[in-house]
Amino acid sequence: MRKTHRGALIAALAAGLVLAAPAAAQAHVGVSPDSIAPEGSAVLSFSFTHGCENSPTTSLRITMPDGLASVSPTADSLWDIAVERADNGLVSAVTYTAAAPVAHDLRGAVTMAVRLGEEAPDTLVFPVEQNCETGTNEWVQIAEDGEDPHDLEAPAPVVTVGTSAIGGSDAGHAGHAEHGASTGDASAPDASGPLPAIGTALGSAGLAAGIIALVIAIRTARRGRSESTN
(Lines give C-alpha, C1' and ligand atoms only; values in the text may rest on other atoms or scores of the structure.)
Protein backbone atom coordinates (compact mmCIF):
# COMPACT_ATOMS: atom_id res chain seq x y z
CA MET A 1 0.00 0.00 0.00
CA ARG A 2 2.80 2.43 0.90
CA LYS A 3 4.49 1.81 -2.47
CA THR A 4 1.25 2.64 -4.23
CA HIS A 5 0.87 5.93 -2.34
CA ARG A 6 4.51 6.81 -2.97
CA GLY A 7 4.02 6.10 -6.67
CA ALA A 8 1.00 8.39 -6.72
CA LEU A 9 3.04 11.20 -5.17
CA ILE A 10 5.80 10.80 -7.75
CA ALA A 11 3.29 10.67 -10.60
CA ALA A 12 1.59 13.83 -9.37
CA LEU A 13 4.86 15.74 -9.21
CA ALA A 14 5.91 14.48 -12.65
CA ALA A 15 2.59 15.56 -14.18
CA GLY A 16 3.01 19.09 -12.87
CA LEU A 17 6.59 19.38 -14.09
CA VAL A 18 5.91 17.94 -17.55
CA LEU A 19 2.89 20.15 -18.21
CA ALA A 20 4.72 23.21 -16.90
CA ALA A 21 7.59 22.66 -19.35
CA PRO A 22 5.98 24.64 -22.25
CA ALA A 23 6.10 27.83 -20.19
CA ALA A 24 9.84 27.45 -19.60
CA ALA A 25 10.43 26.62 -23.27
CA GLN A 26 8.90 29.95 -24.32
CA ALA A 27 11.47 31.97 -22.36
CA HIS A 28 13.52 33.73 -25.04
CA VAL A 29 13.77 36.90 -27.11
CA GLY A 30 12.02 36.45 -30.44
CA VAL A 31 12.30 38.37 -33.71
CA SER A 32 9.68 39.02 -36.39
CA PRO A 33 9.74 38.73 -39.30
CA ASP A 34 12.31 35.93 -39.20
CA SER A 35 13.21 36.13 -42.88
CA ILE A 36 14.16 38.88 -45.36
CA ALA A 37 14.64 38.82 -49.12
CA PRO A 38 18.21 39.25 -50.43
CA GLU A 39 19.17 42.96 -50.50
CA GLY A 40 15.72 43.65 -49.05
CA SER A 41 14.63 45.53 -45.98
CA ALA A 42 12.25 45.05 -43.07
CA VAL A 43 11.19 46.44 -39.74
CA LEU A 44 12.33 43.90 -37.16
CA SER A 45 10.53 43.57 -33.84
CA PHE A 46 12.38 41.99 -30.93
CA SER A 47 10.03 40.91 -28.16
CA PHE A 48 10.15 39.15 -24.81
CA THR A 49 7.54 37.93 -22.33
CA HIS A 50 9.73 37.44 -19.27
CA GLY A 51 12.41 39.04 -17.15
CA CYS A 52 15.41 37.50 -15.40
CA GLU A 53 13.42 34.98 -13.40
CA ASN A 54 11.11 37.35 -11.49
CA SER A 55 13.20 40.49 -11.93
CA PRO A 56 11.88 43.27 -14.27
CA THR A 57 13.73 44.04 -17.51
CA THR A 58 15.61 47.34 -17.60
CA SER A 59 17.35 47.21 -21.00
CA LEU A 60 18.08 45.21 -24.14
CA ARG A 61 21.39 45.47 -25.99
CA ILE A 62 21.17 44.01 -29.50
CA THR A 63 24.36 43.36 -31.46
CA MET A 64 24.15 43.75 -35.23
CA PRO A 65 25.44 41.01 -37.55
CA ASP A 66 27.64 41.63 -40.57
CA GLY A 67 25.80 42.20 -43.83
CA LEU A 68 23.52 45.10 -42.84
CA ALA A 69 23.76 48.20 -45.03
CA SER A 70 21.74 50.35 -42.62
CA VAL A 71 20.02 50.16 -39.25
CA SER A 72 17.45 52.66 -37.96
CA PRO A 73 16.09 52.06 -34.44
CA THR A 74 12.45 53.08 -34.03
CA ALA A 75 11.89 56.07 -31.74
CA ASP A 76 9.62 55.03 -28.87
CA SER A 77 8.64 56.92 -25.73
CA LEU A 78 8.86 53.69 -23.75
CA TRP A 79 12.57 53.24 -24.49
CA ASP A 80 15.69 55.42 -24.48
CA ILE A 81 17.92 54.46 -27.40
CA ALA A 82 21.73 54.45 -27.58
CA VAL A 83 23.46 53.59 -30.87
CA GLU A 84 27.00 52.21 -31.14
CA ARG A 85 28.93 52.43 -34.41
CA ALA A 86 31.86 50.54 -35.85
CA ASP A 87 34.90 52.23 -37.41
CA ASN A 88 33.17 52.13 -40.81
CA GLY A 89 30.26 54.18 -39.47
CA LEU A 90 27.74 51.36 -39.57
CA VAL A 91 25.62 50.58 -36.52
CA SER A 92 27.24 47.78 -34.51
CA ALA A 93 24.86 47.62 -31.54
CA VAL A 94 21.72 49.28 -30.20
CA THR A 95 20.77 49.53 -26.53
CA TYR A 96 17.14 50.11 -25.57
CA THR A 97 16.76 51.25 -21.95
CA ALA A 98 13.23 51.08 -20.56
CA ALA A 99 11.75 54.33 -19.29
CA ALA A 100 10.22 52.15 -16.58
CA PRO A 101 11.29 48.54 -15.85
CA VAL A 102 9.15 45.97 -17.66
CA ALA A 103 7.61 43.55 -15.15
CA HIS A 104 8.59 39.91 -15.61
CA ASP A 105 5.03 38.87 -16.52
CA LEU A 106 4.48 41.58 -19.15
CA ARG A 107 5.40 41.61 -22.83
CA GLY A 108 7.97 44.11 -24.07
CA ALA A 109 9.13 44.87 -27.61
CA VAL A 110 11.55 47.13 -29.49
CA THR A 111 11.82 47.67 -33.24
CA MET A 112 14.32 48.76 -35.86
CA ALA A 113 14.38 49.11 -39.63
CA VAL A 114 17.21 47.25 -41.37
CA ARG A 115 18.40 47.04 -44.97
CA LEU A 116 20.57 44.19 -46.22
CA GLY A 117 23.78 44.72 -48.13
CA GLU A 118 24.81 42.80 -51.25
CA GLU A 119 27.06 40.45 -49.28
CA ALA A 120 24.66 39.63 -46.46
CA PRO A 121 25.04 35.99 -45.28
CA ASP A 122 22.21 33.46 -45.46
CA THR A 123 21.70 33.71 -41.70
CA LEU A 124 21.68 36.89 -39.61
CA VAL A 125 22.24 36.36 -35.89
CA PHE A 126 21.30 39.12 -33.43
CA PRO A 127 22.80 38.37 -29.98
CA VAL A 128 20.76 40.02 -27.23
CA GLU A 129 21.79 40.97 -23.70
CA GLN A 130 18.73 41.34 -21.51
CA ASN A 131 19.52 43.30 -18.36
CA CYS A 132 17.19 43.27 -15.36
CA GLU A 133 17.06 44.94 -11.98
CA THR A 134 18.61 41.73 -10.70
CA GLY A 135 20.52 39.52 -13.11
CA THR A 136 21.18 39.33 -16.85
CA ASN A 137 20.09 36.95 -19.60
CA GLU A 138 22.41 36.56 -22.59
CA TRP A 139 20.58 35.21 -25.62
CA VAL A 140 23.60 34.28 -27.72
CA GLN A 141 23.45 30.57 -28.52
CA ILE A 142 23.41 29.43 -32.16
CA ALA A 143 22.18 26.00 -33.27
CA GLU A 144 24.78 23.79 -34.93
CA ASP A 145 24.04 21.88 -38.14
CA GLY A 146 21.31 19.35 -37.43
CA GLU A 147 20.55 20.82 -34.00
CA ASP A 148 17.04 21.98 -33.13
CA PRO A 149 17.15 25.67 -32.05
CA HIS A 150 14.28 24.94 -29.64
CA ASP A 151 16.63 22.70 -27.66
CA LEU A 152 18.93 25.62 -26.84
CA GLU A 153 18.68 27.18 -23.39
CA ALA A 154 19.51 30.72 -24.54
CA PRO A 155 19.01 30.98 -28.33
CA ALA A 156 19.90 34.19 -30.14
CA PRO A 157 17.26 35.71 -32.44
CA VAL A 158 17.93 34.61 -36.03
CA VAL A 159 16.73 36.01 -39.36
CA THR A 160 17.21 34.02 -42.56
CA VAL A 161 17.86 35.55 -45.96
CA GLY A 162 15.96 33.96 -48.84
CA THR A 163 13.87 34.62 -51.94
CA SER A 164 10.67 33.52 -50.19
CA ALA A 165 11.17 35.99 -47.33
CA ILE A 166 8.44 38.35 -46.17
CA GLY A 167 10.59 41.49 -46.01
CA GLY A 168 10.32 43.74 -49.08
CA SER A 169 12.48 46.43 -50.59
CA ASP A 170 10.31 49.18 -49.12
CA ALA A 171 9.40 47.73 -45.71
CA GLY A 172 9.57 50.54 -43.17
CA HIS A 173 11.39 52.70 -45.81
CA ALA A 174 14.60 51.17 -44.48
CA GLY A 175 16.28 51.80 -47.78
CA HIS A 176 16.03 55.55 -47.20
CA ALA A 177 17.32 55.41 -43.63
CA GLU A 178 21.05 55.69 -43.45
CA HIS A 179 22.36 55.14 -39.93
CA GLY A 180 20.36 57.36 -37.58
CA ALA A 181 17.26 56.87 -35.44
CA SER A 182 13.93 56.72 -37.25
CA THR A 183 10.51 57.89 -36.12
CA GLY A 184 8.88 54.92 -37.86
CA ASP A 185 5.72 53.12 -36.76
CA ALA A 186 6.21 51.53 -33.36
CA SER A 187 3.45 49.01 -34.04
CA ALA A 188 5.73 46.43 -35.66
CA PRO A 189 4.70 42.76 -36.14
CA ASP A 190 4.19 40.77 -32.97
CA ALA A 191 7.35 38.71 -32.56
CA SER A 192 5.98 36.51 -29.86
CA GLY A 193 2.65 35.71 -31.52
CA PRO A 194 0.06 33.56 -29.76
CA LEU A 195 2.42 30.68 -29.05
CA PRO A 196 4.20 32.16 -26.00
CA ALA A 197 0.86 33.05 -24.42
CA ILE A 198 -0.48 29.57 -25.13
CA GLY A 199 2.69 27.98 -23.76
CA THR A 200 2.49 30.09 -20.62
CA ALA A 201 -1.18 29.23 -20.13
CA LEU A 202 -0.51 25.53 -20.62
CA GLY A 203 2.43 25.67 -18.23
CA SER A 204 0.36 27.40 -15.56
CA ALA A 205 -2.50 24.97 -16.02
CA GLY A 206 -0.11 22.04 -15.87
CA LEU A 207 1.50 23.29 -12.69
CA ALA A 208 -1.90 23.81 -11.09
CA ALA A 209 -2.99 20.33 -12.14
CA GLY A 210 0.18 18.87 -10.67
CA ILE A 211 -0.39 20.64 -7.35
CA ILE A 212 -4.02 19.47 -7.20
CA ALA A 213 -2.96 15.93 -8.01
CA LEU A 214 -0.29 16.11 -5.32
CA VAL A 215 -2.81 17.26 -2.70
CA ILE A 216 -5.21 14.47 -3.66
CA ALA A 217 -2.40 11.91 -3.50
CA ILE A 218 -1.32 13.12 -0.05
CA ARG A 219 -4.87 12.93 1.26
CA THR A 220 -5.28 9.46 -0.21
CA ALA A 221 -2.04 8.36 1.40
CA ARG A 222 -3.11 9.70 4.79
CA ARG A 223 -6.51 8.06 4.47
CA GLY A 224 -4.87 4.79 3.61
CA ARG A 225 -2.54 4.94 6.60
CA SER A 226 -5.47 5.81 8.86
CA GLU A 227 -7.51 2.84 7.61
CA SER A 228 -4.58 0.47 8.00
CA THR A 229 -4.08 1.69 11.59
CA ASN A 230 -7.72 1.10 12.43
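Residues numbered from 1 in each chain as written. Predicted model: local features only at pLDDT ≥ 70, side-chain atom pairs only at ≥ 80, totals over all residues. Heavy atoms only, no water.

Caption draft 1: Examining the confidence of the model for the protein chain more closely. Mean pLDDT over the protein chain: 76, with 59% of residues reaching 70 or higher. In the model, residues 167–202 has pLDDT below 50 throughout and makes 73 contacts with residues more than four positions away in sequence or in other chains. (pLDDT = per-residue confidence, 0-100. Contact = heavy atoms within 4.5 Å.)

Caption draft 2: Representation of the state of the cysteines in the model. Applying the stated rule across the entire model yields one disulfide. A disulfide bridge connects Cys-52 with Cys-132, and the sulfur atoms are separated by 2.1 Å. On the sign convention where negative means left-handed, the S-S torsion of about 75° between Cys-52 and Cys-132 marks this disulfide as right-handed. One end of the pair, Cys-52, is in the loop between β3 (41–48) and β4 (57–63); the other, Cys-132, is in strand β10 (residues 128–132), with 80 residues separating them in the sequence. (Disulfide = S-S within 2.5 Å. Helix = DSSP H or I, 4+ residues; strand = E, 2+ residues; numbered from the N terminus.)

Caption draft 3: Looking closely at a negative patch on the surface. A cluster of acidic residues, Glu-144, Asp-145, Glu-147, Asp-148 and Asp-151, forms a negative patch at the surface. Locating Asp-151 in the fold gives a position in the loop between β11 (136–139) and β12 (158–161). (Patch = residues over 30% accessible without salt bridge, like charges linked within 9 Å, V, L, I, M, F, W, Y side chains within 5 Å. Areas by Shrake-Rupley, 256 points an atom, 1.4 Å probe, with all protein chains shown as cover. Salt bridge = Lys/Arg side-chain N within 4 Å of Asp/Glu carboxyl O. Lys, Arg positive; Asp, Glu negative; His and termini not counted. Charge placed at Lys NZ, Arg CZ, Asp CG, Glu CD.)

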